[in-house]
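This is what each chain is made of:
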Amino acid sequence: MIDQLSPIDRAKYASAHCAADFVEDGMRVGLGTGSTAAWLVRRLGARVRDEGLRIIAVPTSTRTAQLARDVGINIVSLDEARWLDLTIDGADEFDAELTLIKGGGGALLQEKIVATASDQMIVITDAAKEVKTLGAFPLPVEVIPFGWQASRALVEEVLTSMDVMGRQSSLRMNGDQPFVTDEGNYILDLALGRIGNARQLSLVLNQVPGVVENGLFVDIADQVVIGFSDGSCEMRDMTTGTAESTTKQVDLNYARNIFSDL
Ligand code: 5RP
């Protein structure tokens, strides 16, 4: 089945597989949400089973929680874990400073809480998500359902004084109903085109009544592991001040074992 994966999915697999090696016995680990994070969860499940890896994991969505249970990972709530050693999660876009846009999968609120409650955050991604300037991917903003149209109007208004290119917002839908997050909220996707100052935008958006959180992750991620379709991955560490880079090769054949277990 690994041979049937698209190049992007092979890259996501390689990234997740490389990042899973940073998880050590006894760690408390935050598990992200999305297709790349799902590879990570499966790989960690295999390590639990095959190597006897002992971890306590905090999932960032009901989807991830279900998958983690299915592969035999011991999950607890963030309140039970209190603080985490490491969170590994995907992203929709990342730039050279490792500022991220997240929330394409609708789990940005739990993802941001879990990542900021961790000593370290590793982003797992493919190279296509690296951008010079953030904003081509619509920025998700989680709003409470009460008065969401007023919140949307206020969001669009504050955008007029921000360094962005576009200001259109749309309510995320699930068929003909609004998409509802795990916390029962809605998501506005902002088509900004270009984000000139992510830190300022994030702060301003979170001031709008009804906005719960936005998908900009500023100064949260420490490392990025970029996967490639040939099974190689590149690790960049931002904590050293300069982006140090190391590369590694993942055995794509290993994926066959994971697939055969699904
Ligand atoms: C979910 C997220 C995901 O990490 C992001 O959307 C990337 O997803 P994928 O790994 O499927 O490309 O932020 O809220």
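Q: Tell me about the overall build of the protein, and name the residues and values.
A: When helices and strands are counted, the protein shows 8 helices and 16 strands. Taking 18 Å as the expected radius of gyration for a compact globule of 262 residues, we find that the protein reaches 18 Å, a close match to that expectation. The principal-axis extents of the C-alpha atoms in the protein amount to approximately 55 × 35 × 35 Å. Within the protein, the proportion of its 262 residues that are buried is 53%. Nonlocal contacts in the protein, meaning residues at least 24 apart in sequence, comprise 72% of its contacts between residues at least 6 apart. For the protein, the exposed area adds up to about 11600 Å²; of that, 50% sits on carbon and sulfur atoms. The protein carries 23 positive and 37 negative side-chain charges, and their two centres are separated by 2 Å.

Q: Describe the site of the ligand, with residues and values.
A: For the ligand, the set of nearby residues contains 17 residues, the closest of which are Ser-35, Thr-36, Asp-92, Gly-103 and Lys-129. Within the side chain of Lys-102, an N or O atom sits 2.9 Å from an oxygen atom of the ligand. Backbone polar atom of Gly-103 to an oxygen atom of the ligand: 2.8 Å apart, as the coordinates give it. Here the ligand, which alone exposes 380 Å², has 91% of that area covered by the protein.

Q: If you had to explain the sheet that holds strand β5 (residues 100-101) to someone new, which residues and values would you point to?
A: With antiparallel pairing, 3 strands are arranged side by side in an open sheet as β4-β5-β13. For this open sheet the edge positions go to β4 (93-94) and β13 (216-217), each flanked by a neighbour on one side alone. By the bridge criterion, 2 bridges tie β5 to β13 in an arrangement that is antiparallel. Across the sheet, Ile-101 pairs through a bridge with Leu-216, a residue of β13.

Q: Tell me about the layout of surface pockets, and please be specific about residues and values.
A: Approximately 180 Å³ is the volume attributed to the largest pocket. What lines the largest pocket is a set of 15 residues, among which Thr-33, Gly-34, Ser-35, Asp-92 and Gly-105 lie closest to the centre. No other element matches helix α2 (residues 35-51), which puts 3 residues into the lining of the largest pocket. The residue inventory of the lining of the largest pocket, partitioned by class, reads 2 nonpolar, 8 polar and 5 charged. In this model, the second largest pocket occupies a volume close to 150 Å³.

Q: Tell me about the sheet that holds strand β8 (residues 168-171), and name the residues and values.
A: Strand order in the open sheet made by the 4 strands is β8-β11-β7-β12, with antiparallel pairing throughout. With partners counted over all chains shown, the strands left at the sheet margins are β8 and β12 (211-214), one partner each. Neighbour-to-neighbour, the strand axes of this sheet turn through a mean angle of 30 degrees, independent of strand direction. The strands that helix α6 (residues 148-159) touches are β7 (139-143), β8, β11 (186-191) and β12; relative to β8, the one it contacts most, it runs at about 160 degrees.

Q: I'd like a description of the pairing of strand β2 (residues 56-59), backed by residues and values.
A: Residues in a regular strand point their side chains to alternate faces of the sheet. Where strand β1 (residues 28-31) meets β2, 4 bridges bridge the pair, whose relative direction is parallel. Across the sheet, residue Gly-30 finds its bridge partner in β2, namely Val-58. For the crossover that starts at β1, traverses α2 and ends in the parallel β2, the hand is right-handed.

Q: Let's hear about the pattern of salt bridges: which residues, and what values?
A: Note that side chains of opposite charge can pair when their charged atoms are close. As enumerated under the stated definition, the model contains 13 salt bridges in all. Note that Asp-163 and Arg-194 form a salt bridge whose closest N and O atoms lie 2.8 Å from each other. Separated by 31 residues along the polypeptide, Asp-163 in the loop between α6 and β8 and Arg-194 in the loop between β11 and α7 (198-205) bring together distant segments of the chain. The exposure class of Arg-194 is partly exposed, given its relative accessible area of 32%. Between Glu-234 and Arg-236 there is a salt bridge; the shortest N-O distance is 2.9 Å. Here Glu-234 and Arg-236 have matching classes, each one buried. Linked through salt bridges whose partners overlap, the residues forming this network are Asp-89, Lys-102 and Glu-111.

Q: Tell me about the domain arrangement of the protein, and please be specific about residues and values.
A: For the protein, the domain assignment lists domain 1 (2-130 + 219-259) and domain 2 (139-215). When each unit is reduced to the centre of its C-alpha atoms, the spacing between domain 1 and domain 2 is 26 Å. Across the boundary between the two partners, domain 1 contributes 15 residues, which contact 18 residues of domain 2. Interface area, domain 1 with domain 2, both sides summed: about 1200 Å², of which 54% is carbon and sulfur. If you sort the residues of domain 1 by the area they bury against domain 2, Leu-108, Leu-109 and Lys-112 come out on top, with a joint share of 42%. At the surface where domain 1 touches domain 2, the tally comes to 2 salt bridges.

Cut-offs and rules
- Residues numbered from 1 in each chain as written.
- Predicted model: local features only at pLDDT ≥ 70, side-chain atom pairs only at ≥ 80, totals over all residues.
- Heavy atoms only, no water.
- Helix = DSSP H or I, 4+ residues; strand = E, 2+ residues; numbered from the N terminus.
- Rg over C-alpha atoms; globule rule 2.2 N^0.38 Å.
- Buried < 20%, exposed > 50% of the residue type's maximum accessible area, 1.4 Å probe, protein only.
- Contact = heavy atoms within 4.5 Å.
- Areas by Shrake-Rupley, 256 points an atom, 1.4 Å probe, with all protein chains shown as cover.
- Lys, Arg positive; Asp, Glu negative; His and termini not counted.
- Charge placed at Lys NZ, Arg CZ, Asp CG, Glu CD.
- Near = heavy atom within 4 Å.
- Polar contact = N/O pair within 3.5 Å; in protein donor to acceptor, adjacent residues only side chain to side chain.
- Pairing = 2+ DSSP bridges.
- 1 Å grid on protein atoms, 1.4 Å probe; cavity = no way out; pocket = protein on both sides within 12 Å on 5 of 7 lines; lining within 4 Å.
- Points joined across faces, edges and corners; volume = space filled by probe spheres on them.
- Nonpolar A, V, L, I, M, F, W, Y, C, P; charged D, E, K, R; others polar.
- Axes fitted to C-alpha atoms, helices over the stretch in contact; angles between N-to-C directions.
- Right-handed = clockwise from strand over helix to strand, strands pointing away.
- Salt bridge = Lys/Arg side-chain N within 4 Å of Asp/Glu carboxyl O.
- Domains from an automatic or database assignment.
- Buried area = accessible area lost by both parts, 1.4 Å probe.

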